[in-house]
Amino acid sequence: MNLYLGIDFGTSGARAIVIDSAGIIQAESQYSFTDSTDDLITVWRQALFSLISEIPSEIRGGICAIAINGTSSTVLLCDRTGNPIDSPILYNDSRGVKLIDKLRQIAPLNHTVISATSSLAKLFWYQENIPLIPPLLRGARGDLSFLHQADWLAFLLHGQLGISDYHNALKLGYDVEKLCYPKWIQNLEIPFQLPNVLTPGTAIAEVTTEIAANLKLRKDCIVCAGTTDSIAAFLASGAKSPGEASTSLGSTLVIKLLSSTRVDDAKYGIYSHRLGDLWLVGGASNTGGAVLKSFFSDAELENLSSQIDAEKASSLDYYPLLKAGDRFPINDPNLPPKLDPRPENPVEFLHGLLESIARIEARGYELLKQLGATPLTCVYTAGGGAKNPTWTKIRERYLQVPILKPTHRQAAYGSAILAMEGINKKI
Ligand SMILES: Nc1ncnc2c1ncn2[C@@H]1O[C@H](COP(=O)(O)OP(=O)(O)O)[C@@H](O)[C@H]1O
Ligand SMILES: O=C(CO)[C@H](O)[C@H](O)COP(=O)(O)O
């Protein structure tokens, strides 16, 4: 029996789901990041091998394809052996704010890369802050490769450095219509190898002999080009027609609307991912579950949410952020959090938070409509917040379209679908 493994690397943890050719889940595993004090690279490597090892061996031996999604514009710099030479830069890290003027000078007006958190901003940060070793002294360091999180994790399994997908490469400036790096990037003097970019789901290579032996995977198990966490969640949702959308309520709030028309506008942090001959239009906000988690445990969220009357609007008007800076629908690295006044009653406070995040989500979809995307018809919800019925009712009050139960709310399921469709050439 051919089985397909999807692996989701999110913010708070990683998850793996194995499906069969009918899309039935055969095994799942998960790995939390929050308990570890190790560096990120150690945690990611440990998580990847642990997720796979925890799959029952009789299932693991039937896996014929693997696809991995990471968080978008989480990047790292590796030496020629694939060892990171510095810490990764996470998706919401806005150290690239100092490079905004440089990005404006070289990129087309309002291009997606013109953001403090774009992958290209982070590449320029590395270029300005990582001392380059003179070519004659490089030795094992050799040429440095710039990779996304999903690219590097897949490399650990297939051993071929420098391969990405056009979902992860969008924020590096890759042209997803012409399927090449644009001239304004090719003409840059970049001292790092940029990844070769494939269609998400495309077969890259079999797992290495060592990986097959150590993880007891089939020698002919193929690793496919991956995607990003919010697109994997969209693929899991079952959304198929233009106008259908997926909102990921994970640590962050990410919206993806399937649209016949492409919409990009860095002023709002809006960009379009390519999905076949359609577009996944949307953006990613720093608001979301991570802010809720800073105040409430999952159990408290469930208990307090059940005490909220979802039909009543909260008058509390917050912009919930953990620290200054948002990417969408306000693309401003200095945007201050707004979490006052804080009522004594935790139910009222949570109501204000859920309602305020719902307003931000609705503002995002309204902007997509104003900018010409296919009108919204329904929303599927992914991520930890999808299990909150009170929040769903509050959100429906603002969105004015049905919020439907997704086929699956885990991004890992979407990556498993990607592996299955990629290996069977439906991509
Ligand atoms: N009942 C709930 N209502 C709203 N949010 C929730 C609930 N339970 C968990 N969450 C939030 O879900 C988030 C984790 O979701 P997850 O999809 O795993 O995120 P990520 O992959 O981004 O780490 C946490 O930030 C948590 O606060
Ligand atoms: O917020 C995030 C982490 O969860 C990522 O930015 C998210 O993946 C959105 O990026 P994309 O739209 O490129 O998938």
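Residues numbered from 1 in each chain as written. Chains lettered and ligands numbered in written order. Predicted model: local features only at pLDDT ≥ 70, side-chain atom pairs only at ≥ 80, totals over all residues. Heavy atoms only, no water.

1. What about the overall build of the protein chain?
Helix and strand counts for the protein chain come out as 13 helices and 18 strands. In terms of C-alpha radius of gyration, the protein chain reaches 21 Å, essentially the compact-globule figure of 22 Å for 427 residues. Its C-alpha atoms give the protein chain principal-axis dimensions of roughly 65 × 55 × 45 Å. Put simply, the protein chain has 427 residues, and 58% of those count as buried. A sequence separation of at least 24 residues applies to 69% of the contacts in the protein chain between residues at least 6 apart. Just so you have it, the protein chain exposes about 17400 Å², and 50% of that area is on carbon and sulfur atoms. (Helix = DSSP H or I, 4+ residues; strand = E, 2+ residues; numbered from the N terminus. Rg over C-alpha atoms; globule rule 2.2 N^0.38 Å. Buried < 20%, exposed > 50% of the residue type's maximum accessible area, 1.4 Å probe, protein only. Contact = heavy atoms within 4.5 Å. Areas by Shrake-Rupley, 256 points an atom, 1.4 Å probe, with all protein chains shown as cover.)

2. Section: the packing of aromatic side chains
This structure, assessed with the given rule, holds 9 aromatic pairs. Ring plane angle 65° and centroid distance 5.9 Å describe the contact between W125 and Y126, whose orientation is recorded as edge-to-face. Residue classification places W125 among the buried residues on the basis of a relative accessible area of 19%. Residue class for Y126 comes out buried when judged on its relative accessible area of 0%. (Phe/Tyr/Trp six-rings, centres within 6.5 Å; stacked < 30°, edge-to-face > 60°.)

3. Digging into the site of ligand 2
Taken together, 14 residues lie near ligand 2, and T228, D229, S230, K256 and Y271 sit nearest. One nitrogen or oxygen atom from the side chain of S72 is found 2.6 Å from an oxygen atom belonging to ligand 2. With respect to ligand 2, the side chain of T228 contributes an N or O atom lying 2.6 Å from an oxygen atom. Against a free-state accessible area of 370 Å², the protein chains account for coverage of 98% of ligand 2. Going through the elements one at a time, helix 8 (229-237), strand 14 (253-259) and strand 15 (271-275) are the ones with two or more residues in the shell around ligand 2. Taken together, the residues that form the shell around ligand 2 break down as 4 nonpolar, 6 polar and 4 charged. (Near = heavy atom within 4 Å. Polar contact = N/O pair within 3.5 Å; in protein donor to acceptor, adjacent residues only side chain to side chain. Nonpolar A, V, L, I, M, F, W, Y, C, P; charged D, E, K, R; others polar.)

4. Points about the pattern of salt bridges
The full count for this structure, using the stated rule, is 10 salt bridges. Between D93 and R95 there is a salt bridge; the shortest N-O distance is 2.8 Å. Under the relative-accessibility criterion, R95 is labelled partly exposed at 27%. One connected set of salt bridges, linked through shared partners, spans E177, R262 and D264. (Salt bridge = Lys/Arg side-chain N within 4 Å of Asp/Glu carboxyl O.)

5. As for helix 4 (residues 119-129)
Among the 11 residues of helix 4, 8 are classified as buried, and the element is accordingly described as predominantly covered. Residues of helix 4 that are buried: S119, L120, A121, K122, L123, F124, W125 and Y126. Along its buried surface, helix 4 packs onto strand 5 (75-78), helix 3 (100-106), strand 6 (144-148), helix 6 (183-186) and strand 8 (192-193).

6. Some remarks on empty space enclosed by the protein
Per the counting criterion, the structure on display carries 3 cavities of 30 Å³ or more. Taken as a whole, the largest cavity encloses approximately 140 Å³ of empty space. Considered class by class, the residues forming the lining of the largest cavity number 5 nonpolar, 7 polar and 2 charged. Approximately 80 Å³ is the volume found for the second largest cavity. Partitioned by chemical class, the residues of the lining of the second largest cavity number 3 nonpolar, 7 polar and 4 charged. (1 Å grid on protein atoms, 1.4 Å probe; cavity = no way out; pocket = protein on both sides within 12 Å on 5 of 7 lines; lining within 4 Å. Points joined across faces, edges and corners; volume = space filled by probe spheres on them.)

7. Here we look at the environment of S314
As for its placement among the helices and strands, S314 is situated in the loop between helix 10 (298-305) and helix 11 (346-370). Apart from residues no more than four positions distant in its own chain, S314 is found in contact with H351, G352, E355 and R359.

8. So, the sheet that holds strand 13 (residues 244-249)
As summarised here, the arrangement of the 6 strands in space is 15-16-14-13-17-18, forming an open sheet in which the pairing is mixed. Both outer strands of the open sheet, strand 15 and strand 18 (403-404), are each paired with one neighbouring strand and no more. Pairing analysis gives 7 bridges linking strand 14 to strand 16 (residues 278-285), with the strands arranged antiparallel. Counted as the bridge partner of K256 is G282 from strand 16. Along the sheet, helix 8 makes contact with strand 13, strand 14, strand 15, strand 16 and strand 17 (378-382), crossing strand 13 at roughly 125°. (Pairing = 2+ DSSP bridges. Axes fitted to C-alpha atoms, helices over the stretch in contact; angles between N-to-C directions.)

9. Topic: the site of ligand 1
Taken together, 18 residues form the shell around ligand 1, and within it S12, R15, S251, G289 and G384 come nearest. Between A290 and ligand 1, the recorded distance is 3.5 Å, taken from a backbone N or O atom to an oxygen atom. Computed on the free molecule, ligand 1 has an accessible area of 590 Å², of which 89% lies beneath the protein chains in the complex. Those elements that place two or more of their residues in the shell around ligand 1 are helix 9 (289-293) and helix 10.

10. Concerning the UniProt feature "domain: Carbohydrate kinase FGGY C-terminal" (unreviewed entry) in the protein chain
According to UniProt, the positions carrying the feature "domain: Carbohydrate kinase FGGY C-terminal" (unreviewed entry) are residues 248-420. Its end C-alpha atoms 22 Å apart, residues 248-420 is made of 34% helix and 17% strand. (UniProt positions renumbered as here; feature names shortened; annotations may be inferred.)

11. Brief notes about the pairing of strand 2 (residues 13-20)
Remember that side chains alternate between the two faces of the sheet whenever the strand is regular. Counting buried residues in strand 2 gives 8 out of 8 residues, a clear majority hidden from the surface. Neither face of strand 2 is left uncovered, since the one carrying G13, R15, I17 and I19 and the one carrying A14, A16, V18 and D20 both have all their residues buried. Across 7 bridges, strand 1 (residues 3-9) lies against strand 2 in antiparallel orientation. Paired with L3 across the two strands is D20, which belongs to strand 2. The hairpin formed by strand 1 and strand 2 contains 3 residues between the paired strands. Where strand 2 meets strand 3 (residues 25-32), 7 bridges bridge the pair, whose relative direction is antiparallel. Residue pairing for strand 3: I19 is matched across the bridge by I25.

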